[in-house]
Amino acid sequence: MNDFDWEVFRTAIGQTFFIVSISVVVGGLIGLLLGLVLYATRPGNLLSSRPVFILLNVLVNIVRPIPFVIFLVAIQPLMLTAIGTTIGTNAVTFALSLSAAFAVSRIVEQNLLTVNPGVIEAARAAGAGPVSILLTVLVPEALGPLILGYTFIFVAIVDMSAQAGLFGGGGIGDFAITYGSQRYNWPVVYISVAAMIILVQAGQFLGNYLARKALRR
Amino acid sequence: MPPSDIHVRFEDVTKTFPGRGRKDPAQQVLRGIDLEIHRGEIFGIIGQSGAGKSTLVRLINGLEPVTSGRITVGDRVVSGLSERQLRAVRREIGMIFQQFNLFRSRTVAGNVAYPLKVAGVKQPERDRKVARLLDFVGLLQRANDHPEQLSGGQQQRVGIARALATDPSLLLADEATSALDPETTQDVLSLLKQVNRELGITIVIITHEMDVIRQIADRVAVIDSGHVVESGSAYDIFAAPKTPEATRFVSSTLRDRPSAATLERLRVSHPGRLVTVRVQDRPAFQNSLSVAFLQRDVTADLVFGGISELQDRPVGSLTYSLTGGEGSVDELLKQLRADGFDLDEHEGASR
């Protein structure tokens, strides 16, 4: 363990935390918005609009299947205009937030679709408007499954964040490769793996706990 | 009836659901509906599933737009209003549902408070109102429970409290008791009656169960394949249904008329002519029948029947097997008809 550089490890953990937390929050919020629009504009729903729905639906379908590494490369022009760089932690966080947003949008849309339409009818009958119904009825009614969906996305983001090193983003994944496997320093690799596992477990545990509370089970 | 006493008026209303192509063609579910629902009454709309009755009630608060025709609630034409304009109208119309449609994410009190929040009623006033409503439906001590902790009947009570939150003058009940067992149905129906009598709220109740109509409706419309086939006071429809649809609904609950199979059996054991006499609300109904039988020397065996009460008046029918000398039964029937009795002879009986 002589070769284990705690200083660098701490920095790597910090980077992973930064990338993951910003991506979960920003991607989560943009994804929530996209998901709500997807749900609401679906023909026959609250703000039914075929053109908006089709446009957004196709966009999500185009972006979602692109592997993250390739997505990172593909959006470099956009990155350059938006944040002025294509490498480093910020660049990776930008790409990951965007990628997560599209994944979250589907999860939000799907969970909202499972809400009993009768409940929406009851809210309409009480005189509520569409935006109010979306935010004060649909989201609370689907909260349990939504939290589980977000937990799933959190794990996927941790997974994708390990590829940040490819573009100078740092993080635990990068640490495991440059300081671990490339130097045949296996303790570094396994400590990194352990750190990832702890992060994922903690996130999953929190998600399950919150979902259980929301579902009152 | 002066126009101000008409609470909801349908004028030549039609509703067509647009299709989405060849496999899903447009469907006309309501055709030429004319109805007048009076202020303060309980108006029943009965029809089989698919008859269009649920759509009909949704036209009143604009959950579904009309295709043509006009609907007026109070002095206000509601058909053709925009979704935004309808929001104000809906706050004056409560609605309850077959599956209750309570918010699972809210407590009992939270469910009742929802329409008040939507209407912008502030906290202290809201709490007072919620407590009063829960007290009215007998669920004050369950205020902090969640809907799934309640029985079906209790959930519908919460639904009723929620529907009454904004002091509506009109309550729409869409199959409100269809998901409940018979005993709970009684409770909910008597609560609705209380809502009507004590708060003076007009109720439009949709159902496929004639028993519900019998217990609470003042007036009824029978709907069949998108048409109003018969309408009138509940008593008149029960005492003298004019159309086959209405007759079917009435006998489904009174069970006073022999079915084809029963008639078959009756014919074997009773040689006489089988005649069903509708019970009428007239003095000494049974006595005048007996006297007529005696006068014509006709033996009348009571073989089937049922008498029930509706709005404190008798409804039902009695089926007799009549035997007598040459021509005497014919003469008896002629005399009874002349006296205003409503008779129905079951053909095919052995003479």
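Counting of residues starts from 1 at the beginning of each chain's written sequence and follows it residue by residue. Written order determines the labels here, with chains lettered from A and ligands numbered from 1. It should be noted that, the model being predicted, local features are given only for residues of pLDDT at least 70 and side-chain atom pairs only at 80 or more, the latter also being counted only at that level, while totals for whole chains, interfaces and linings use all residues. The basis for every side-chain value is the complete set of heavy atoms in the structure, and neither hydrogens nor water enter the calculation.

A. Region of interest: the sheet that holds strand E3 (residues 42-46) of chain B. Residue and element names in this part refer to chain B. One open sheet holds the six strands; their spatial order is E6-E7-E8-E3-E9-E10, and the pairing between them is mixed. Edge strands, defined here as strands with exactly one partner in the open sheet, are strand E6 (93-96) and strand E10 (227-233). On average, adjacent strands in this sheet sit at an angle of 15° to one another, irrespective of strand direction. Following DSSP output, two strands are said to pair if at least two bridges run between them. Only DSSP runs of H or I covering at least 4 residues are called helices, and only runs of E covering at least 2 are called strands; the numbering of each starts at the N terminus. In this structure, E3 lies alongside strand E9 (residues 219-224), joined through four bridges in parallel fashion. Following the sheet pairing, Phe43 is matched in E9 by Arg219. Packing of helix H5 (residues 152-164) onto the sheet brings it into contact with E6 and strand E7 (170-174), and relative to E6 it is tilted by some 170°. Here the axes come from fitting lines to C-alpha atoms, over the contacting stretch only for helices, and the angles between their N-to-C directions go from 0 to 180 degrees. Residue contacts are counted whenever heavy atoms from the two residues lie within 4.5 Å of one another.

B. Quick look at the UniProt feature "domain: ABC transporter" (unreviewed entry) in chain B. Per the UniProt record, "domain: ABC transporter" (unreviewed entry) is found at residues 8-250 of chain B. Along residues 8-250 of chain B, the helical share is 38% and the strand share 26%, with 25 Å between the first and last C-alpha atoms. UniProt positions are given in the numbering used here, feature names are shortened, and annotations may be inferred rather than shown by experiment.

C. Broad picture of helix H3 (residues 108-118) of chain B. In this scheme, a residue with accessible area under 20% of its type's maximum is buried, one over 50% is exposed, and one in between is partly exposed, where area comes from a 1.4 Å probe on protein chains only. For H3 of chain B, the tally of buried residues reaches 10 of 11 residues, placing the bulk of the element in the interior. The complete set of buried residues in H3 of chain B reads Val108, Ala109, Gly110, Asn111, Val112, Ala113, Tyr114, Pro115, Leu116 and Val118 of chain B. Of the surrounding secondary structure, the elements contacted by the buried residues of H3 of chain B are helix H6 (117-125) and helix H7 (130-141) of chain A together with helix H4 (123-136) and H5 of chain B. Looking one or two residues beyond H3 of chain B, the residue adopting positive phi is Gly120 of chain B, at roughly 80°.

D. Up close: the interface of chain B and chain A. Tallying the contact residues gives 23 residues for chain B and 20 residues for chain A. The term buried area denotes the loss of accessible surface (1.4 Å probe radius) that occurs when two parts are joined, taken as the sum for both partners. Buried surface at the junction of chain B and chain A, summed over both partners, amounts to about 1800 Å²; 48% is from carbon and sulfur atoms. A per-residue breakdown of the area chain B buries against chain A is headed by Leu63, Asn101 and Tyr114 of chain B, which together make up 27% of the total. Counted as salt bridges are all cases of a side-chain nitrogen of Lys or Arg within 4 Å of a carboxyl oxygen of Asp or Glu. The interface formed by chain B and chain A holds three salt bridges in total. Whenever a nitrogen or oxygen atom comes within 3.5 Å of another N or O atom, the pair is scored as a polar contact, on the condition that within protein one atom can donate a hydrogen and the other can accept it, and that pairs from neighbouring residues in sequence are kept only if both atoms are in side chains. There are 11 residue pairs in polar contact (both at pLDDT 80 or more) connecting chain B and chain A. Those elements that place two or more of their residues in the side of chain B that touches chain A are helix H2 (83-90), E6 and H3 of chain B. Here the term charged refers only to Asp, Glu, Lys and Arg, the term nonpolar to Ala, Val, Leu, Ile, Met, Phe, Trp, Tyr, Cys and Pro, and the term polar to all other amino acids, Gly among them. Classifying every residue of the side of chain B that touches chain A by side-chain character gives nine nonpolar, five polar and nine charged.

E. Looking closely at the sheet that holds strand E5 (residues 76-77) of chain B. Residue and element names in this part refer to chain B. Strand order in the open sheet formed by four strands is E2-E1-E4-E5, with antiparallel pairing between adjacent strands. Edge strands, defined here as strands with exactly one partner in the open sheet, are strand E2 (27-38) and E5. The sheet strands contacting helix H1 (residues 53-60) are strand E1 (6-17), E2 and strand E4 (68-73), and the helix crosses E1 at an angle near 120°.

F. Fine view of the packing of aromatic side chains. Stacked, edge-to-face and tilted are the three classes for Phe, Tyr and Trp ring pairs, Trp counted by its six-membered ring, which pair at centre distances within 6.5 Å; planes under 30 degrees apart are stacked, over 60 edge-to-face, the rest tilted. Scanning all chains against the criterion turns up seven aromatic pairs over all chains. Cluster of aromatic residues (ring-pair linked, three or more members): Trp6, Phe9, Phe175 and Tyr179 of chain A. Stacked on the ring of Phe103 of chain B, the Lys or Arg Arg106 of chain B has its end atom at 5.6 Å from the ring centre. A cation over a ring is seen here: Arg162 of chain B above Phe103 of chain B, with NZ or CZ 4.9 Å from the ring centre. When the NZ atom of lysine or the CZ atom of arginine is within 6 Å of a ring's centre and also within 35 degrees of its normal, the charge is said to sit over that ring.

G. Molecular detail of the nonpolar core. Remark: nonpolar core denotes a set of buried residues (Ala, Val, Leu, Ile, Met, Phe, Trp, Tyr, Cys) joined through side-chain atoms within 4.5 Å. Grouped together as the largest cluster of nonpolar side chains are 59 residues, with contacts concentrated most on Phe68, Leu112, Ile133, Val137, Leu138 and Ile157 of chain A together with Tyr114 of chain B. Considering every element that reaches this core, the biggest residue donor is helix H5 (residues 89-113) of chain A, with 11 residues. Formed by 36 residues, the second largest nonpolar core is a distinct cluster that contains Val108, Ala113, Leu192 and Ile216 of chain B.

H. Seen up close, the UniProt feature "transmembrane region" (unreviewed entry) in chain A. All names here are of chain A. With numbering matched to this structure, UniProt assigns "transmembrane region" (unreviewed entry) to residues 12-40, 52-75, 81-104, 133-158 and 188-211. In this annotation, residues 52-75 is assigned 79% helix and 0% strand; the end-to-end C-alpha distance for the span is 23 Å. Along residues 188-211 the backbone is 100% helical and 0% strand, and the end-to-end C-alpha distance reaches 34 Å.

I. Layout of the domain arrangement of chain B. All names here are of chain B. Domain boundaries shown here were taken from an automatic or database domain assignment. Taken domain by domain, chain B consists of domain 1 (3-92 + 168-253) and domain 2 (256-345). In this structure, domain 1 and domain 2 have C-alpha centres spaced 35 Å apart. Between domain 1 and domain 2, the contact holds 10 residues from the first and 10 residues from the second. Between domain 1 and domain 2, a total of about 920 Å² is buried, with carbon and sulfur atoms accounting for 55% of that surface. It is Arg214, Tyr235 and Ala239 that lose the most area in domain 1 upon contact with domain 2, and together they represent 60% of the buried surface on that side. One can count zero salt bridges joining domain 1 with domain 2. Where domain 1 meets domain 2, there are three residue pairs in polar contact (both at pLDDT 80 or more). Tallying contributions element by element places helix H8 (residues 234-239) first for the side of domain 1 that touches domain 2, with four residues.

J. Just the packing of helix H1 (residues 6-41) of chain A against H5 of chain A, in detail. Residue and element names in this part refer to chain A. Interaxial distance between H1 and H5 falls to 5 Å at its minimum, and their mutual angle equals 40°. The angle between the axes of H1 and H5 places the two elements in the oblique class. Our pair here, H1 against H5, has a crossing hand that is right-handed. Of the residues belonging to the contact of H1 with H5, the class tally is 19 nonpolar, 11 polar and two charged. Each angle is binned into one of four classes, with values under 35 degrees roughly parallel, values over 145 roughly antiparallel, values of 65 to 115 roughly perpendicular, and all other values oblique. Crossings are sorted by hand: turned counterclockwise from the far helix by less than a right angle, the near helix makes the crossing left-handed, and turned clockwise it makes it right-handed.

K. Fine view of the UniProt feature "domain: ABC transmembrane type-1" (unreviewed entry) in chain A. With numbering aligned to this structure, UniProt lists the feature "domain: ABC transmembrane type-1" (unreviewed entry) at residues 13-207 of chain A. From the first C-alpha to the last, residues 13-207 of chain A spans 21 Å; its make-up is 79% helix and 0% strand.

L. Looking closely at a nonpolar patch on the surface. A surface patch of nonpolar side chains, amounting to about 480 Å² of accessible area, comprises Phe18, Ile22, Val25, Val26, Leu29 and Ile30 of chain A. Examined against the element boundaries, Phe18 of chain A turns out to sit in helix H1. Here a patch means residues that are over 30% exposed by relative accessible area and free of salt bridges, tied together within 9 Å if like-charged and within 5 Å if nonpolar (Val, Leu, Ile, Met, Phe, Trp, Tyr). Surface accessibility in these figures is a Shrake-Rupley result with a 1.4 Å probe; residues are shielded only by whichever protein chains are displayed.

M. Region of interest: the pairing of strand E12 (residues 299-310) of chain B. All names here are of chain B. Where E12 meets strand E13 (residues 313-323), 11 bridges bridge the pair, whose relative direction is antiparallel. The partner of Gly306 across the bridge, within E13, is Ser317. Counted between consecutive antiparallel strands, the loop separating E12 from E13 contains two residues, among which Gln311 sits at a positive phi close to 45°.

N. Quick look at the packing of H1 of chain A against H7 of chain A. Residues and elements named next belong to chain A. Axis separation between H1 and H7 bottoms out at 12 Å; the angle between their running directions is 95°. What the angle tells us is that H1 and H7 run roughly perpendicular. On H7, the residues that touch Leu36, Tyr39 and Ala40 of H1 are Leu134, Leu135, Leu138 and Val139. Residue composition of the contact of H1 with H7, grouped by class: seven nonpolar, no polar and no charged.

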